[in-house]
Amino acid sequence: MAASDRMVLGPLVGSIDQGTSSSRFLVFNAKTAELLSHHQVEIQQKFPKEGWVEQDPKEILKSVHECVERTCEKLQQLNIDITNIKAIGVSNQRETTVVWDKTTGEPLYNAIVWLDLRTQSTVERLLKRIPGKNKAYFKFRTGLPLSTYFSAVKLRWLLDNVEEIRQAVDDGRAMFGTIDSWLIWSLTGGKNGGVHCTDVTNASRTMLFNIHSLEWDPELCQFFDIPMEILPKVRSSSEIYGLMVCLLKSGALTGVPISGCLGDQSAALVGQMCFQDGQAKNTYGTGCFLLCNTGQKSVFSEHGLLTTIAYKLGRDKPVCYALEGSVAIAGAVVRWLRDNLGIVKTSQEVEKLAAEVGTSYGCYFVPAFSGLYAPYWEPSARGIICGLTQFTNKNHIAFAALEAVCFQTREILDAINKDCGIPLNQLQVDGGMTNNKVLMQLQSDILCIPVVKPSMPETTALGAAMAAGAAEGVGIWSLNPGDLTAVTCERFEPQINPEESEYRYARWKKAVLKSMGWETSEAPSNGKPE
């Protein structure tokens, strides 16, 4: 390929997509939105005690370095000039909490992952200080119920239980951040002048952020007893935060601006081009997240949904809000079948097992491993498989696991339809699990509406790339509706009659009731792993 041929590609944008189960770096053509190359590294999750989920922040950072390095090598093999990468966006698993020492650059504890349940007793203690023990007490300020899910309670637990963190706070050495903050600080210099910031979408998941004033809320910080000086500066989702400090052995990408930052679910909303009030998408990753854009007004749910910030695509641009239905366990149930039960060796095998039977044969699987999130917010729930007979085999359990993902989505879609008043007539989907055709067909059957999947499923990374490329001072990606590339899609239409769908859904709801009230935080240790 001649140098002149390379020029045809024009400017490129890189996207760091740091998820719960893996890190990826993807490179897009800013003019056509075409994905040119990518690399992925799986991340280890640690479960030191029952209900605890941790990750090593240094492993996360190392995995991002490796992904960037490998993707750049792949681009060079394709004869693509990596100096054309003009901006980098970051999208990340939200809520996951990191505290590090700004003088050494070292984490002071493992990252506490969003799914982690250790803070249940912290939540119960905090609830006692709220009038009427009302979980929704801060809803109109934060959009969120008091739950183990959000960063403030994780940070409270760290301050209560980790001496090194308390000491670092006292010494003025501690920095708190969600994964985006940890990555941006590290990639822009770390202890040598790294930028300590976050964006409005990630800040809105901490429970310390006022979603109307778009500032850290002093009263919330006081309630959780969080020192405000450890918090990152809150910026828009699309602006230059800082410049990459030498990452690659070759010195490539040094000086490239990091100019886009969105929590993964907001990034997917942008990547799916859901810029209009009422447009929605569902992402199937470790968990499952349905977001519906509500425009410049924040809508508060009567049916267990969260109010969250969708995006703010520039310092002077308006903030847009979304209603969100969050399901803790989606792809994680497939990983559990693989890693814990060992009934499959690869995630892809689950689709094959399910397809062989085409039914769960009356078996229902409620994967409430981390309690139930939307619309129930029931931390006492635990996973159950019910309706078992001597006929049930691993194929039926695989099918029931996929069906569980679809039923959970149906519960959220019902809630969104009730809150918005206008039923969605189709569902836009993305995320790793959408490659599973059995799942996509099941989803359409259970929702009784078409499911629409873009042919390029990497919408989370695309959203972060769009925000980075559109930033002031970069300006290589236009977000004007007329300039956005039309996306080719695959459609799945309902193939069963609505009566059968309703019958199965009613049985699912019965199973959900049986999963509730299982766990109490007062239980004796009864030999739980220490």
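What counts, and at which threshold
Residues numbered from 1 in each chain as written. Predicted model: local features only at pLDDT ≥ 70, side-chain atom pairs only at ≥ 80, totals over all residues. Heavy atoms only, no water. UniProt positions renumbered as here; feature names shortened; annotations may be inferred. Pairing = 2+ DSSP bridges. Helix = DSSP H or I, 4+ residues; strand = E, 2+ residues; numbered from the N terminus. Axes fitted to C-alpha atoms, helices over the stretch in contact; angles between N-to-C directions. Contact = heavy atoms within 4.5 Å. Buried < 20%, exposed > 50% of the residue type's maximum accessible area, 1.4 Å probe, protein only. Lys, Arg positive; Asp, Glu negative; His and termini not counted. Salt bridge = Lys/Arg side-chain N within 4 Å of Asp/Glu carboxyl O. Polar contact = N/O pair within 3.5 Å; in protein donor to acceptor, adjacent residues only side chain to side chain.

- By the naming in an unreviewed UniProt entry, the chain is glycerol kinase, taken from Circaetus pectoralis.
- We quote the UniProt Pathway (unreviewed entry) comment for the chain here in full: "Polyol metabolism; glycerol degradation via glycerol kinase pathway; sn-glycerol 3-phosphate from glycerol: step 1/1."
- Quoted verbatim from the Sequence similarities (unreviewed entry) field of the UniProt record, the comment on the chain reads "Belongs to the FGGY kinase family."

## Some details on the sheet that holds strand β23 (residues 489–492)
And step 1. The mixed open sheet is built from seven strands, whose spatial order is β17-β18-β16-β15-β21-β22-β23. Of all the strands in the sheet, the pair left with one neighbour each is β17 (306–311) and β23. Each strand axis lies, on average, 30° off the axis of its neighbour in the sheet, ignoring direction.
And step 2. One ladder, built from five bridges, connects β17 with strand β18 (residues 320–327); its direction is antiparallel. If you follow Y311 over to β18, its bridge partner there is C320.
And step 3. Helix α14 (residues 437–447) rests against β15 (280–284), β21 (427–430), β22 (451–454) and β23 of the sheet, and its axis sits at about 55° to β23.

## Overview of the side chain of D180
And step 1. Its place among the elements puts D180 in helix α7 (residues 179–187).
And step 2. Despite its burial, D180 remains without a salt bridge, the nearest opposite charge being carried by R94 at 9.6 Å.
And step 3. Reaching out from D180, the side chain makes a polar contact with the side chain of T178 at a distance of 2.5 Å.

## Focus: the sheet that holds strand β1 (residues 12–18)
And step 1. Strand order in the open sheet made by the six strands is β3-β2-β1-β5-β14-β13, with mixed pairing throughout. Two strands lie at the open edges of the sheet, namely β3 (35–42) and β13 (238–243), each paired on one side alone. Averaged over neighbouring strand pairs, the angle between their axes works out to 25° when direction is ignored.
And step 2. The pairing of β1 with strand β2 (residues 22–29) spans seven bridges and is antiparallel. Each bridged residue has a counterpart across the sheet, and for Q18 the counterpart in β2 is S23.
And step 3. Sitting on the sheet, helix α2 (residues 57–77) touches β1, β2, β3 and β5 (85–92), and the angle it makes with β3 is about 145°.

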